[in-house]
Amino acid sequence: NKDASFKDAPHTVSGMLLYAGTEEETQPDQTYRMSGNKISVTTLHLDQDFQQIAEKLNSIVREHFGYGIR
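Attention here is on the structure that accompanies the text. (Residues numbered from 1 in each chain as written. Predicted model: local features only at pLDDT ≥ 70, side-chain atom pairs only at ≥ 80, totals over all residues. Heavy atoms only, no water.)

### Structural notes on the overall build of the protein
Then, in step 1: Per the secondary structure count, the protein includes 2 helices and 3 strands.
Then, in step 2: Counted from the first residue to the last, the protein has its helices and strands arranged as α-β-β-β-α.
Then, in step 3: For 70 residues, the compact-globule estimate of 2.2 N^0.38 gives 11 Å, and the protein exceeds it by more than 25% at 15 Å.
Then, in step 4: Per-residue burial for the protein yields a buried fraction of 19% across its 70 residues.
Then, in step 5: Look at the contacts in the protein between residues 6 or more apart in sequence, and 39% of them connect residues 24 or more apart. (Helix = DSSP H or I, 4+ residues; strand = E, 2+ residues; numbered from the N terminus. Rg over C-alpha atoms; globule rule 2.2 N^0.38 Å. Buried < 20%, exposed > 50% of the residue type's maximum accessible area, 1.4 Å probe, protein only. Contact = heavy atoms within 4.5 Å.)

In structure tokens, the structure reads:
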């Protein structure tokens, strides 16, 4: 919907579904292109050390925005 609101103006739209990890064997971790827009689905396991959680969140920021917190 946001993509359509920009009409002909130059823009980039992306989005992400971020799920908490579960004990299921299969966990979502995929990136798609929908009408040229980047849409990601990924899992964050919250049962780990906060440093590991922070590293995963920073990798998400780097992937989507090209920068992250060091």
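### What to know about the environment of M34
Then, in step 1: Among the secondary structure elements, M34 is positioned in strand β2 (residues 30-34).
Then, in step 2: Residue M34 is classed as exposed on the basis of its relative accessible area of 51%.
Then, in step 3: Remark: the alpha-carbon pair of M34 and K56, spanning 22 residues in sequence, is separated by 24 Å.

### Section: helix α2 (residues 50-65)
Then, in step 1: With 16 residues, α2 should reach 22 Å at 1.5 Å per residue; the first-to-last C-alpha distance of 22 Å fits that figure.
Then, in step 2: Looking at the packing, one finds that the buried side of α2 touches β1 (14-20) and β3 (37-44).
Then, in step 3: Measuring from the side-chain oxygen of the N-cap residue of α2 to the backbone nitrogen of Q51 gives 3.0 Å; that N-cap residue is D49.
Then, in step 4: The positive-phi residue at the C-terminal boundary of α2 is G66, with phi of around 85°. (Expected span 1.5 Å × (residues − 1). Polar contact = N/O pair within 3.5 Å; in protein donor to acceptor, adjacent residues only side chain to side chain.)

### Things to note about the pattern of salt bridges
Then, in step 1: One pass over the structure, following the stated rule, counts 1 salt bridge.
Then, in step 2: Linking E63 and K38 is a salt bridge whose minimum nitrogen-to-oxygen distance equals 3.6 Å. Note that E63 is positioned in helix α2 and K38 in strand β3, a separation of 25 residues in sequence. (Salt bridge = Lys/Arg side-chain N within 4 Å of Asp/Glu carboxyl O.)

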